[in-house]
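So the chains spell out like this:
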Amino acid sequence: DVKVTQSSRYLVKRTGEKVFLECVQDMDHENMFWYRQDPGLGLRLIYFSYDVKMKEKGDIPEGYSVSREKKERFSLILESASTNQTSMYLCASSRGTGGASRIGGYTFGSGTRLTVV
Amino acid sequence: QQPVQSPQAVILREGEDAVINCSSSKALYSVHWYRQKHGEAPVFLMILLKGGEQKGHEKISASFNEKKQQSSLYLTASQLSYSGTYFCGTEILSGAGSYQLTFGKGTKLSVIP
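In this text the structure is predicted, and so the values were computed from the model without any measurement. (Residues numbered from 1 in each chain as written. Chains lettered and ligands numbered in written order. Predicted model: local features only at pLDDT ≥ 70, side-chain atom pairs only at ≥ 80, totals over all residues. Heavy atoms only, no water.)

Q: Just checking my understanding: could you explain the interface of chain B and chain A for this structure?
A: In many analyses, interface size is given as the accessible surface area lost on bringing the parts together. With 24 residues of chain B at the contact, the number on the chain A side is 27 residues. Buried surface at the junction of chain B and chain A, both sides included, amounts to about 1,900 Å², of which 56% is carbon and sulfur. Inspection of the region where chain B meets chain A yields 0 salt bridges. Remark: the boundary between chain B and chain A carries 6 residue pairs in polar contact (both at pLDDT 80 or more). If you list the elements that add at least two residues to the side of chain B that touches chain A, you get strand 4 (30-36), strand 5 (43-49), strand 8 (84-93) and strand 9 (99-103) of chain B. Per-element tally for the side of chain B that touches chain A: the top contributor is strand 9 of chain B, with 5 residues. Its residues assigned to classes, the side of chain B that touches chain A comprises 12 nonpolar, 10 polar and 2 charged. (Contact = heavy atoms within 4.5 Å. Buried area = accessible area lost by both parts, 1.4 Å probe. Salt bridge = Lys/Arg side-chain N within 4 Å of Asp/Glu carboxyl O. Polar contact = N/O pair within 3.5 Å; in protein donor to acceptor, adjacent residues only side chain to side chain. Helix = DSSP H or I, 4+ residues; strand = E, 2+ residues; numbered from the N terminus. Nonpolar A, V, L, I, M, F, W, Y, C, P; charged D, E, K, R; others polar.)

Right, here's the structure in full:
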């Protein structure tokens, strides 16, 4: 069974801490994505990557950075966590984008619920 | 930027039909539909590509009007298992030449006996 695995289900961090959220996929997908999900706002794209060491900003990149050193791993970094970054973070991967994403669409991980206090 | 979904919420009795709409102000390459059950990850249902329509499931289908940049998800003869929040995702070509999928705020569907 193909998987996107997020390292932590729940995290509690203090304001100002540097936070790393890890995501690993075992499907050999080229593309990986980080979304945050908040009640009433849906899923909003933070960053995505279409190749190793490549990254592109999504709609709400402020306060975040990413790292993709290996194809299967995509990390989201909160440089200095703030309370407004309390949210559910979802990682996803896809075989391709555009027409290529028709093969299975995006596969999501179970999410990391981050609370910043 | 986000596509607009309607309705925000709908309650159905088993066996009834429902339509969820999704519209965008941008030229779309494709539209995705996902369902998320409470506490779980969103699950891909189907994709509709520019220039075509794809039916993903027997009783769940969708259409894509490219000219109007609109898509609709049709759920027929609803079952209890259809309950969840449905998200449309609209895929556009970004300025950097890659494709970006942006989701709507979701439609909460509740099917009751």
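Q: Please explain the layout of surface pockets as it appears in this structure.
A: In this approach a probe as big as a water molecule rolls over the atoms, and the regions it shows empty are the leftover space. As a volume, the largest pocket reaches approximately 730 Å³. Taken together, 30 residues line the largest pocket, and the ones lying closest to its centre are Q37 and P39 of chain A together with Q36, T85 and F87 of chain B. Elements represented by at least two residues in the lining of the largest pocket include exactly strand 4 (31-38) and strand 9 (87-94) of chain A together with strand 1 (4-6), strand 8 and strand 10 (107-112) of chain B. Residue classes in the lining of the largest pocket are distributed as 7 nonpolar, 16 polar and 7 charged. (1 Å grid on protein atoms, 1.4 Å probe; cavity = no way out; pocket = protein on both sides within 12 Å on 5 of 7 lines; lining within 4 Å. Points joined across faces, edges and corners; volume = space filled by probe spheres on them.)

Q: Just to check I follow, could you spell out the state of the cysteines for this structure?
A: Cysteine pairs can be linked by a disulfide, which is a covalent bond between their two sulfur atoms. Residue and element names in this part refer to chain A. Under the defined criterion, the tally for this structure stands at 2 disulfides over all chains. The disulfide bridge from C23 ends at C91, spanning 1.9 Å between sulfur atoms. Judged by the torsion about the S-S bond (-75°), the C23/C91 disulfide is left-handed. Remark: C91 occurs in strand 9 and C23 occurs in strand 3 (residues 19-25); sequence separation between them is 68 residues. (Disulfide = S-S within 2.5 Å.)

Q: Explanation requested: the sheet that holds strand 8 (residues 73-78) of chain A in the structure shown.
A: Sheet strands line up and pair through hydrogen bonds in the backbone, either parallel or antiparallel. All names here are of chain A. Strands sit in the order 1-3-8-7 across an open sheet of 4 strands; the sheet is antiparallel. Lying at the two open borders of the sheet, with one neighbouring strand each, are strand 1 (4-6) and strand 7 (64-70). Going across the sheet, the axis of each strand differs from the next one's by a mean of 20°, ignoring polarity. The sheet contact formed by strand 1 and strand 3 spans 3 bridges and is antiparallel. (Pairing = 2+ DSSP bridges. Axes fitted to C-alpha atoms, helices over the stretch in contact; angles between N-to-C directions.)

Q: Explain the pairing of strand 10 of chain B here, please?
A: The side chains of a regular strand alternate, residue by residue, between the two faces of the sheet. Residue and element names in this part refer to chain B. Of the two faces of strand 10, the one lined by T107, L109 and V111 is fully buried and the one lined by K108, S110 and I112 carries no buried residue. The pairing of strand 2 (residues 9-13) with strand 10 spans 5 bridges and is parallel. Residue A9 lies in a different strand from strand 10, and its bridge partner there is K108. When strand 8 meets strand 10, the two strands line up antiparallel, connected through 3 bridges. Residue pairing in the sheet places Y86 in a bridge with T107 of strand 10. (Buried < 20%, exposed > 50% of the residue type's maximum accessible area, 1.4 Å probe, protein only.)

Q: Help me understand the packing of aromatic side chains in this model?
A: Describing an aromatic ring pair means giving the distance of the ring centres and the angle of the ring planes. All names here are of chain A. The tally for this structure, following the rule as stated, stands at 11 aromatic pairs over all chains. Considering the side-chain rings of Y35 and F108, the 6.0 Å spacing of their centres and the 50° angle between planes classify their relative orientation as tilted. Pair noted here: Y35 is in strand 4 and F108 is in strand 10 (residues 107-108), with a separation of 73 residues, a long-range link. Judged by relative accessible area, Y35 falls into the buried class, the value being 0%. You can call F108 buried: its relative accessible area is 7%. Between the NZ or CZ atom of R9 and the centre of the ring of Y10, over which it lies, the distance is 5.9 Å. (Phe/Tyr/Trp six-rings, centres within 6.5 Å; stacked < 30°, edge-to-face > 60°. Lys NZ or Arg CZ within 6 Å of the ring centre and 35° of its normal.)

Q: Hey, could you run me through the sheet that holds strand 1 of chain B in this one?
A: Residue and element names in this part refer to chain B. Strand order in the open sheet made by the 4 strands is 1-3-7-6, with antiparallel pairing throughout. Lying at the two open borders of the sheet, with one neighbouring strand each, are strand 1 and strand 6 (60-65). Between one strand axis and the next, the sheet turns through 15° on average, direction left out of account. With 3 bridges connecting them, strand 1 and strand 3 (residues 18-23) associate as antiparallel partners. Each residue of the ladder has a partner; that of V4, found in strand 3, is S23.

Q: I keep staring at the pattern of salt bridges and nothing clicks. Help me out?
A: As a working rule, side chains carrying opposite charge can pair if their charged atoms are close by. Residue and element names in this part refer to chain A. Tallied over the full model, the rule gives 5 salt bridges over all chains. Ionic pairing is found between E79 and K18, a salt bridge with its closest N-O pair at 3.6 Å. In this pair, E79 sits in the loop between strand 8 and strand 9 while K18 sits in the loop between strand 2 (10-13) and strand 3, placing the two residues 61 residues apart along the sequence. Of the charged contacts, one joins D38 and R36 as a salt bridge, the two residues approaching to 2.9 Å between their closest N and O atoms. Assessed through its relative accessible area of 12%, D38 is described here as buried. If you follow the salt bridges from partner to partner, you end up with R36, D38 and R44 in one network.

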